[in-house]
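Survey of secondary and tertiary structure
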Amino acid sequence: MKTQVCIVGAGPSGLLLSQLLHLRGIASVVLERRSRAHVMGRIRAGVLERGMVALLREAGVNARLDREALVHEGLDIAFDGRRHRIDLAALTGGAAVTVYGQTEIQRDLFEARDATGGIVIDEAEDVMPHEVDGDAPYVTYRKYGVEHRVDCDFVAGCDGYHGVCRTAIPNQVLKTFERVYPFGWMGLLADVPPVSDELIYVNSARGFALCSMRSPTRSRYYVQCPLEERVEDWSDDRFWTELIGRLPADAGARLVTGPSIEKSIAPLRSFVAEPMRHGRLFLAGDAAHIVPPTGAKGLNLAASDVHFLSRGLIAYYQTGDDRGLSEYSEKALRRVWKAVRFSWWMTRLLHHFPEDSPFDRRVQAAELEYLFTSKAAQTALAENYVGLPYE
Ligand code: RFL
Ligand code: PHB
């Protein structure tokens, strides 16, 4: 098979890139390791920056989002039993975030690719990019025991943190940066009305908690948990009791509980791989970087990467101008590191770190106190949370 861009991974990065290229007449083939049911069943992000919403609109996958998504102009941070609202809209001159599940975005993107005859091959085994530093790269994979080869101009590595494309960059070229946090997030999804109209991020004596949502009738809650915990150790009852114990009293009293639809534990990690381009291979999204979910930035970074990469590829195919491709890694990484910084900072601010000394705890409390009383500090949080510009 021959195509222009071979995209590895059918997560949000891969499908969005494929759809944006299609709209400009650029052909792609998407190779995905998992089944479609598996990809559609993953419960992940929920908060979209305006840049990502604009990109989904550009890709023509905004119809359901426009009908169903929730617009949030603020969020709450709770500490020491008190709640403080960060007025995102007032602090940023009118910006807001959009609450719409990654699961829904996956569905909208699959539907769009199917409707326009997009080639998305699922259950592709042993996907492997070759010759990416030459002029004629290709990708091999196996399906139903048969070997296949896709010849292409470029390979887009959109295959997530555990993907294979990053490994095609030689060790002497690739630099990685990493911070592993000493806890995870236990998440629960349930068809119960959210405890509040806006998200509540909680730093409590028992650790971090987050009240989020997918719709007016579906809630997503998280509690910080030790890394060695297993989902099987968390009955719904244990989860709800722990969550209520961490919420400010008024929210705890109002919380509606119910049977879980999904429960999972995610470890927290910051990770960046540089460069994001090697020859004719381009990494985008979690394949190149991971952030802890505290700042709601992972999916949004995948979108900004896809924005820069799609612009570069479109310019190349339309006019032969390869500047966008040459600058891709540097441009994307500038924005990535700012989101890495913000996610690390939010994580540091809101979690209980087991190794913290009494001094560290006092500094954390002082930083929260400062945030609650300083408009400058709130503005810094707000402009990062709604999303820095794509530039
Ligand atoms: P994905 O979604 O991991 O997709 C990669 C795809 O590649 C496939 N794949 C392969 N295919 C072929 N061959 C191989 N060798 C392959 N290896 C892997 C995989 O099966 C998969 O389908 O990466 P992508 O597209 O870059 O998207 C990134 C986002 O999924 C991720 O950043 C976010 O989910 C992170 N995240 C959040 N981001 C936000 O912006 N806001 C949030 O509120 C938010 N909350 C979260 C999150 C992530 C979480 N978890 C579970 C990690 C909350 C959680 C709990
Ligand atoms: C979510 O709704 O899953 C969510 C929201 C905000 C975050 C992380 C996850 O910071």
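Definitions and limits used
Residues numbered from 1 in each chain as written. Chains lettered and ligands numbered in written order. Predicted model: local features only at pLDDT ≥ 70, side-chain atom pairs only at ≥ 80, totals over all residues. Heavy atoms only, no water. Near = heavy atom within 4 Å. Polar contact = N/O pair within 3.5 Å; in protein donor to acceptor, adjacent residues only side chain to side chain. Areas by Shrake-Rupley, 256 points an atom, 1.4 Å probe, with all protein chains shown as cover. Helix = DSSP H or I, 4+ residues; strand = E, 2+ residues; numbered from the N terminus. Nonpolar A, V, L, I, M, F, W, Y, C, P; charged D, E, K, R; others polar. Pairing = 2+ DSSP bridges.

Surrounding ligand 1, one finds 31 residues, the nearest of these being Ser13, Glu32, Gln102, Asp286 and Leu299. Between ligand 1 and the protein, one listed contact pairs an oxygen atom with a backbone N or O atom of Pro12 at 3.3 Å. One nitrogen or oxygen atom from the main chain of Ala296 is found 3.1 Å from an oxygen atom belonging to ligand 1. Starting from 1000 Å² of accessible surface for ligand 1 in isolation, the protein chains cover 89%. Put simply, the parts of the chain that give the shell around ligand 1 at least two residues each are helix 1 (12-23) and helix 9 (298-319). Sort the elements by how many residues they give to the shell around ligand 1 and helix 9 lands first, with three residues. Grouping the amino acids of the shell around ligand 1 by side-chain chemistry returns 13 nonpolar, 10 polar and eight charged.

What follows is about the site of ligand 2. In the vicinity of ligand 2, 14 residues are found, and the nearest of them are Tyr201, Ser212, Arg214, Tyr222 and Pro293. In this structure, Thr294 approaches ligand 2 through a main-chain N or O atom, which is 3.3 Å from an oxygen atom. A distance of 3.5 Å is found between an oxygen atom of ligand 2 and a backbone nitrogen or oxygen belonging to Ala296. Protein contact buries 96% of the 280 Å² of open area that ligand 2 shows by itself. Listing elements by their share of the shell around ligand 2, those giving two or more residues are strand 15 (207-215) and strand 16 (218-225). Of all the elements, strand 15 adds the most residues to the shell around ligand 2, at three residues. Partitioning the shell around ligand 2 into residue classes produces eight nonpolar, three polar and three charged.

Let's shift gears to the sheet that holds strand 7 (residues 97-99). In space, the three strands of this open sheet follow the order 3-7-4, with antiparallel pairing throughout. Pairing within the sheet leaves two strands with one partner each, and these edge strands are strand 3 (47-48) and strand 4 (70-72). Pairing between strand 4 and strand 7: three bridges, direction antiparallel. In the sheet register, Val71 faces strand 7, and the bridge partner there is Thr98.

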